[in-house]
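# Summary of the model geometry
The lines below spell out each chain.
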Amino acid sequence: MSTSSTVDRAFEAALYATTEEALDTGASLIAVDPVADAELVRRGEEFVANAWRRGWQPADVVRIVRRELDDVHLRLVTGLIRAQAPHDRPRGPRWTAQLDALDALGEPGVAPAPRTDRFSHATAVLELYRLLLRLPALEPLDEAVAEAAGAAGSAARDRRPESRMLGRIRALLAKAEATGFPEEAEALTAKAQELMARHSVDEALLAVRTHTATVPGACRIGVEAPYEQTKAVLLDAIADANHCRAVWNEPLGFSTVVGFDADLEAVELLYTSLLVQAGTAMTKAEAAQKAGGRKRTKTFRQSFLAAYAHRVGARLAAAAEGRTSGLSDDLLPVLASRDVAVTERLDRLFPETTTTRLRGASDVAGWEEGARAADNAQVEARRRLG
């Protein structure tokens, strides 16, 4: 019997059925035929390549596998992604960064893959392939930009090193997350937001002066449970304040953010930092409530984060309006045209969207604590909003 036939029979038994018995049958076929291992890996690389054709990116696949399966499946899929990468076409710096991030899964301190028998290994492989086979089509984020910008423009953008400004922003936000002093965190985050705004304007001016045919890009940012709805609201507010737009995909656990590259970078950095700051503040608020004899609940945490997102969003919007009012008249049309381009790209990617109502924010104490924490996470050097 050929190795291809073994794999075909295993797939026919296991991948198109959902029962454990079917999975056991497929795993048994592979377990007794060691010669089929190479063919099994080759088929896995094909599943990965097919995911790319359906709009998925490396970070998306890693995120869904981490959410739906276990560590053993995560090791398997990262190995397949690495193995498939040399056969893929160039896809730009964001894609490359996602591939580079896979190396973190193999850094010291990460538990090594446990020794396992052939049947258990085959079972894990088939479970992974089941998931990959059933991934739905997503909006293709990289092809649209490449087509609009042209090969020459994309190549030039790919060769550009990361600006020193982004390095400074990262360092400021890291310090804001690490400090135990709210006033210091406020100052550091305010300075980071100031640099983000300056970086965005500088990039817009550079594109005009060099006649660079830049177009809006897009990225997907994980919006993880728990309290994913309030996190999506926070991300949406950050995106709006930084000339981007966000669309939340609740079933798959991410938001797609559309904007120009510098602004996308700012959104990712600020969202990650504010999540850390919100988590730290919520832990302290819960401890204070517990010390006062009040038992905290999921509703408290949901309300805390909802208020945090609402208040931060309001303050970011005010900060954005203040920055726009201080710009020169010749720059305003440039920024306006970029906003139009972002909206048009969003409409092409998502011709139909729906709104959702925020649920579960009913704990008064949680709301008040969340609003207070948002005030402490000052993001712009303006007077505090009451």
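The name an unreviewed UniProt entry assigns to the chain is DUF2786 domain-containing protein, from the organism Streptomyces pratens.

What follows deals with the overall build of the chain. The helix and strand inventory of the chain stands at 16 helices and three strands. Residues classed as buried in the chain amount to 46% of the 386 residues present. Contacts in the chain between residues far apart in sequence, at least 24 positions, make up 79% of those at least 6 positions apart. Per element, the accessible surface of the chain, about 19700 Å² overall, is 55% carbon and sulfur.

This next bit is on the pairing of strand S2 (residues 245-249). In this structure, S2 lies alongside strand S3 (residues 254-259), joined through five bridges in antiparallel fashion. Counted as the bridge partner of arginine 245 is valine 258 from S3. Linkage of S2 to S3, two consecutive antiparallel strands, is achieved through a turn of four residues, within which glycine 253 is found at a positive phi near 75 degrees.

Turning our eyes to something else, we now look at the pairing of S3. Regular strands have side chains that alternate between both faces of the sheet. Where burial is concerned, most of S3 is hidden: six out of the six residues are buried. Here S3 shows a buried face lined by Phe254, Thr256 and Val258 and a second buried face lined by Ser255, Val257 and Gly259. With six bridges joining them, strand S1 (residues 217-222) and S3 adopt antiparallel strand pairing. Looking at S3, one finds that alanine 218 is bridged to valine 258.

Taken as a whole and judged by the stated rule, the model has eleven salt bridges. With its nearest N and O atoms 2.7 Å apart, the salt bridge here joins arginine 91 to aspartate 88. A residue is classified by how much of its surface remains accessible, and arginine 91, at 17% relative accessible area, is buried. A network of salt bridges, in which partner residues are shared, links Asp8, Glu39, Arg42, Arg43 and Glu46.

In this section: the packing of helix H3 (residues 37-53) against helix H7 (residues 118-133). Any two packed helices are characterised by the angle at which their axes cross and by the distance between the axes. Where H3 contacts H7, the two axes come as close as 10 Å, and the packing angle between them is 20 degrees. Here H7 runs roughly parallel to H3, going by the angle between their axes. Note on packing geometry: the crossing formed by H3 with H7 is left-handed. Taken together, the residues of H7 that come into contact with H3 (itself represented by Asp37, Leu40, Val41, Gly44 and Phe47) are Arg118, Val125, Tyr129, Leu132 and Leu133. Each residue belonging to the contact of H3 with H7 can be placed in one class, and the counts come to seven nonpolar, one polar and two charged.

Conventions used here
- Residues numbered from 1 in each chain as written.
- Predicted model: local features only at pLDDT ≥ 70, side-chain atom pairs only at ≥ 80, totals over all residues.
- Heavy atoms only, no water.
- Helix = DSSP H or I, 4+ residues; strand = E, 2+ residues; numbered from the N terminus.
- Buried < 20%, exposed > 50% of the residue type's maximum accessible area, 1.4 Å probe, protein only.
- Contact = heavy atoms within 4.5 Å.
- Areas by Shrake-Rupley, 256 points an atom, 1.4 Å probe, with all protein chains shown as cover.
- Pairing = 2+ DSSP bridges.
- Salt bridge = Lys/Arg side-chain N within 4 Å of Asp/Glu carboxyl O.
- Axes fitted to C-alpha atoms, helices over the stretch in contact; angles between N-to-C directions.
- Parallel < 35°, antiparallel > 145°, perpendicular 65-115°, else oblique.
- Left-handed = near helix turned anticlockwise from the far one by under 90°.
- Nonpolar A, V, L, I, M, F, W, Y, C, P; charged D, E, K, R; others polar.

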